[in-house]
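Fold and geometry: a report
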Amino acid sequence: SDRPRALSGIQPTAGSFHLGNYLGAVRQYVALQETHDAFYMVVDLHAITVPQDPADLRANTRLAVAQLLAAGLDPQRCTLFVQSHVPEHAQLGWVMNCITGFGEASRMTQFKDKSAKQGADRTTVGLFTYPVLQVADILLYQADAVPVGEDQRQHIELTRDLAERFNGRFGHTFTVPSPHIVKETAKIYDLQDPTVKMSKSASTPKGLVNLLDEPKVTAKKVRSAVTDTGSEIVFDPAGKPGVSNLLTIFATLTGTPVADLENRYAGKGYGALKTDLADVMVDFVTPFKERTQAYLEDPETLDSVLAAGAEKARAVAAETLAAAYDRIGF
Ligand code: ADP
Ligand code: NA
């Protein structure tokens, strides 16, 4: 393929993806299938950096794959696989660990946040080197573009630094990738506290929209979203973070420019906006939930998608790993 390469990964979290994952990342995965030679994976190696239950991990990995398919990934147009099915990730991960500075890794803000949450006694070395494994994930596929949300920007910077370092020391081996961050949806906020990003670990239950919640529950969360003082519906992220977040979600899910929404709701008040957005959300999550369920009920299809994906991914990853091994003297 003469298309540029795209690569991204998503964790197999319990329950379901949330709206931030979908708008910030998965939507871009779907779009880039059309323009890129795209590789997407469920990153189960990353999931074991925090305590996990084996049966849950197995189920959550399949659930993540089912959701990616339900969101619109098409195995005929992209390569969809599970990270642990391709052993080259761990192999190149080790190489990358050996060219990463300890201080450099210590500066990763996600590690600082996550390790603070785990506590020192429960923080693993795996959690510490997770961004370096992510570097290997990306470089193995010679990716040009990495679709992610804003919170991943620092990790993509590390990827660029390590690719350039390796290339400089050992000769050109890796493509230096760029983050593909869609500004409008790079950071979706908690519905109850629109100053913090929506996240599985930090959001309050009412502020977190899980894509597989009962649609009724989702509608209720949207209708009870925190808005701001005043009553005017204008896009002003600094002054009106709550309303601006709702406008972003509404605009993206319906393909309507924010300015058109501002006009439509001029003089109408927050209640009307929230009621209509609740309907939009229900129309989005209802078929999503049905499609996810259908994939889960068809394990043969899921297995064959993943087997074919792993084979395609491995062909690319093995070639890159062989080149890297050769350059470093193995
Ligand atoms: P989480 O951040 O909830 O732990 P992941 O780390 O698996 O989930 O993130 C998967 C993708 O979703 C990443 O590309 C990340 O940048 C993106 N993402 C996560 N939360 C948000 C958010 N609130 N807004 C936009 N994108 C997000
Ligand atoms: Na994240």
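Owing to the predicted nature of the structure, the values given are computational and were not obtained by experimental measurement.

Here is what the cut-offs are and how they apply
- Residues numbered from 1 in each chain as written.
- Chains lettered and ligands numbered in written order.
- Predicted model: local features only at pLDDT ≥ 70, side-chain atom pairs only at ≥ 80, totals over all residues.
- Heavy atoms only, no water.
- Helix = DSSP H or I, 4+ residues; strand = E, 2+ residues; numbered from the N terminus.
- Rg over C-alpha atoms; globule rule 2.2 N^0.38 Å.
- Buried < 20%, exposed > 50% of the residue type's maximum accessible area, 1.4 Å probe, protein only.
- Contact = heavy atoms within 4.5 Å.
- Areas by Shrake-Rupley, 256 points an atom, 1.4 Å probe, with all protein chains shown as cover.
- Lys, Arg positive; Asp, Glu negative; His and termini not counted.
- Charge placed at Lys NZ, Arg CZ, Asp CG, Glu CD.
- Pairing = 2+ DSSP bridges.
- UniProt positions renumbered as here; feature names shortened; annotations may be inferred.
- Expected span 1.5 Å × (residues − 1).
- Arc of directions from axis to C-beta.
- Right-handed = clockwise from strand over helix to strand, strands pointing away.
- Near = heavy atom within 4 Å.
- Polar contact = N/O pair within 3.5 Å; in protein donor to acceptor, adjacent residues only side chain to side chain.
- Nonpolar A, V, L, I, M, F, W, Y, C, P; charged D, E, K, R; others polar.
- pLDDT = per-residue confidence, 0-100.

Within the protein chain, the regular secondary structure consists of 13 helices and 5 strands. For the protein chain, whose C-alpha radius of gyration is 21 Å, the value lies close to the compact-globule estimate of 20 Å for 330 residues. Relative to its 330 residues, the protein chain shows a buried fraction of 49%. The contacts in the protein chain between residues at least 6 apart in sequence include a share of 75% that link residues at least 24 apart. Accessible area of the protein chain: about 14,800 Å², with a carbon and sulfur share of 53%. Here the protein chain carries 33 positive and 39 negative side-chain charges, and the mean point of each set is 4 Å from the other.

Attention shifts here to the pairing of strand S3 (residues 78-82). Along S3, 5 of the 5 residues are buried, which leaves the element largely enclosed by surrounding structure. What you see with S3 is no split at all: Cys 78, Leu 80 and Val 82 on one side and Thr 79 and Phe 81 on the other are buried throughout. Direction of pairing for strand S2 (residues 37-42) relative to S3: parallel, over a ladder of 5 bridges. Bridging from a neighbouring strand, Tyr 40 pairs with Leu 80 of S3.

Cross-referencing UniProt, the feature "binding site: L-tryptophan" (unreviewed entry) maps to Asp 137 in the present numbering. We classify Asp 137 as buried; its relative accessible area is 2%. Leave out the neighbours within four places in its chain, and Asp 137 touches Leu 7, Met 41, Val 43, His 46, Gln 83 and His 89.

So, about helix H8 (residues 153-170). Spanning 18 residues, H8 covers 26 Å between terminal C-alpha atoms, matching the ideal 26 Å at 1.5 Å per step. For H8, the set of buried residues is His 155, Ile 156, Leu 158, Thr 159, Leu 162, Ala 163, Phe 166 and Asn 167. Looking straight down H8, one finds its buried side chains confined to an arc of 160°; they lie on one side. H8 presents Gly 168 and Arg 169 as exposed residues on the side facing more than 90 degrees away from its buried surface. Among the residues trailing H8, Gly 171 stands out with phi positive, at a value near 100°.

For the rest of this paragraph, the subject is the pairing of S2. Regular strands place their side chains on alternate faces of the sheet. For S2, the buried fraction is high: 5 of the 6 residues fall into the buried class. Alignment of strand S1 (residues 5-10) against S2, held across 6 bridges, turns out to be parallel. Along S2, the bridge assignment pairs Ser 8 with Tyr 40. Running through helix H1 (residues 19-32), the crossover from S1 to the neighbouring parallel element S2 is right-handed.

For the rest of this paragraph, the subject is the site of ligand 1. The immediate surroundings of ligand 1 are formed by 18 residues, with His 18, Gly 149, Asp 151, Ile 188 and Met 198 found nearest. Within the side chain of His 18, a nitrogen or oxygen atom sits 2.9 Å from an oxygen atom of ligand 1. Coverage of ligand 1 by the protein amounts to 92% of the 530 Å² it exposes when considered alone. With 4 residues, the single largest contributor to the shell around ligand 1 is H1. Its residues assigned to classes, the shell around ligand 1 shows 6 nonpolar, 8 polar and 4 charged.

Regions with low pLDDT should not have their predicted coordinates read in detail. For the protein chain, mean pLDDT is 96; residues scoring 70 or higher make up 100% of the total. Interface confidence for the predicted complex, expressed as ipTM, amounts to 0.94; the pTM equals 0.97.

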